[in-house]
Amino acid sequence: MVSRELIARSCICCAGNNLEKSPAVLMPFVALRVFGHEPVEITAEWGLRDLRQGMAYTLCNSLQCQDCGALFLDYRFTDEQMAALYHNYRDEVYTAQRTRFEPGFAKTREHFDHRAAYLDEVEAWLSKRLPQAPAVLDWGGDTGINSLFRHGNRLLDIYDISGVELVPGAAMVSLEQAYQNHYDLVTCSQVLEHVAFPADLVTQMLPALKANTLLYLEVPSEALMRAHPGSKALAPLKRHWHEHVNFFTEASIRRMLENAGLEVMDTLALEVDLGWIQGEVLGFLARRQ
């Protein structure tokens, strides 16, 4: 079982204990939302005889599992800290706070109001395994703007902690409702890289997976991982952490799903253009064994 320690000492995917560690910085926006930390400048007026003067930021560590290759932040945020980080995600207050530390974010923010074009390719890849109008549960689906089968479904439910307003046609459901309803497809896209305990999240989804329900998981194929395929010496190269606190390999996702009693049926690697950045996503289609 993967540990729920707030400073990770085992792998978040496979629970292995063979980790490489290297110091890093938690980016100021995340440190503010999660811990209430502001960067400070240590000056002579502080009177700290044994510390060097200069800017001080929230420190952390980069950890990489030497078994499955997962790379991740050592801090594992509590539920309350996660709620603080993602409360009213990308609204005016969130955007103002983030822009104070990251002036370019305001321009990037505009792209989140539009549906990602690559989702048509994902739907085409999935559709041959699904009914013509599937019942879909989007776990962590935010507003629903990027929910798979947003159009042409017979049901689109969203389970999400952010509390944002949903797009027309989508319905917010509680955990209990998600477990009671029957879905053809449960999706969890661009979520696992954000959460403190991704293996726990996969386990939490299991009651929503009936005998013939398919699960589609999607994560970014991070640029650092693509630049060094198969490397397990990435901890010293990851010097800062932001909202994506987990960088996955295909092997790490497979181990996590298998440990949860799920069978990986197929995988998808897709190059994507999100408007402000080009990248790649990894998709995993799974079902109960």
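Please read all numbers here as calculations on a predicted model, not as lab measurements.

Caption draft 1: Expanded view of the packing of helix H1 (residues 28-35) against helix H2 (residues 79-86). Between H1 and H2, whose axes approach to 8 Å, the crossing angle comes to 125°. Of the possible angle classes, the one that applies to H1 and H2 is oblique. Relative to H2, the crossing made by H1 is right-handed. Residues Phe-29, Val-30, Arg-33, Val-34 and Phe-35 of H1 form the contact with H2, whose own contacting residues are Gln-81, Ala-84, Leu-85 and Tyr-86. Of the residues belonging to the contact of H1 with H2, the class tally is seven nonpolar, one polar and one charged.

Caption draft 2: Molecular detail of the side chain of Asp-142. Looking at the element boundaries, Asp-142 is found in the loop between strand S6 (135-139) and strand S7 (155-159). No salt bridge is formed by the buried Asp-142, whose closest oppositely charged neighbour, Arg-90, lies at an N-O distance of 4.3 Å. With near-sequence residues (within four places) excluded, Asp-142 lies in contact with Tyr-89, Arg-90, Ile-158, Asp-160, Ser-162, Val-164 and Leu-166.

Caption draft 3: Local environment of H2. When H2 is considered as a whole, its buried residues turn out to be Gln-81, Met-82, Leu-85 and Tyr-86. All buried residues of H2 fall inside an arc of 120° around its axis, so they share one side. Seen from the buried face of H2, the exposed residues on the opposite side, beyond 90 degrees, are Asp-79 and Glu-80. Among the structural elements, H1 and helix H3 (92-101) are those in contact with the buried residues of H2. Looking one or two residues beyond H2, the residue adopting positive phi is Asn-88, at roughly 50°.

Caption draft 4: Representation of the environment of Leu-270 in the model. Mapped onto the elements, Leu-270 comes out in strand S13 (residues 262-273). With relative accessibility at 11%, the residue Leu-270 sits in the buried group. Distance from Leu-270 to Glu-222, taken between C-alpha atoms, is 12 Å for residues 48 residues apart in sequence. Residue contacts for Leu-270: discarding those within four places in its chain leaves Tyr-118, Glu-121, Val-122, Gly-279, Glu-280 and Val-281.

Caption draft 5: View of a nonpolar patch on the surface. A contiguous nonpolar patch, built from Val-40, Trp-46, Leu-48 and Leu-51 and spanning about 360 Å² of accessible area, is present on the exposed surface. For Trp-46, a relative accessible area of 44% gives the class partly exposed.

Caption draft 6: Molecular detail of helix H7 (residues 198-205). Pro-198, Ala-199, Leu-201, Val-202 and Met-205 are the residues of H7 that are buried. Down the axis of H7, the buried side of the element spans an arc of 160°, and every buried residue falls inside it. Tucked inside the fold, the buried residues of H7 contact S6, strand S9 (185-189), strand S10 (214-220), strand S12 (246-247), helix H9 (250-259) and S13.

Rules behind the numbers
- Residues numbered from 1 in each chain as written.
- Predicted model: local features only at pLDDT ≥ 70, side-chain atom pairs only at ≥ 80, totals over all residues.
- Heavy atoms only, no water.
- Axes fitted to C-alpha atoms, helices over the stretch in contact; angles between N-to-C directions.
- Helix = DSSP H or I, 4+ residues; strand = E, 2+ residues; numbered from the N terminus.
- Parallel < 35°, antiparallel > 145°, perpendicular 65-115°, else oblique.
- Left-handed = near helix turned anticlockwise from the far one by under 90°.
- Contact = heavy atoms within 4.5 Å.
- Nonpolar A, V, L, I, M, F, W, Y, C, P; charged D, E, K, R; others polar.
- Buried < 20%, exposed > 50% of the residue type's maximum accessible area, 1.4 Å probe, protein only.
- Lys, Arg positive; Asp, Glu negative; His and termini not counted.
- Salt bridge = Lys/Arg side-chain N within 4 Å of Asp/Glu carboxyl O.
- Arc of directions from axis to C-beta.
- Patch = residues over 30% accessible without salt bridge, like charges linked within 9 Å, V, L, I, M, F, W, Y side chains within 5 Å.
- Areas by Shrake-Rupley, 256 points an atom, 1.4 Å probe, with all protein chains shown as cover.

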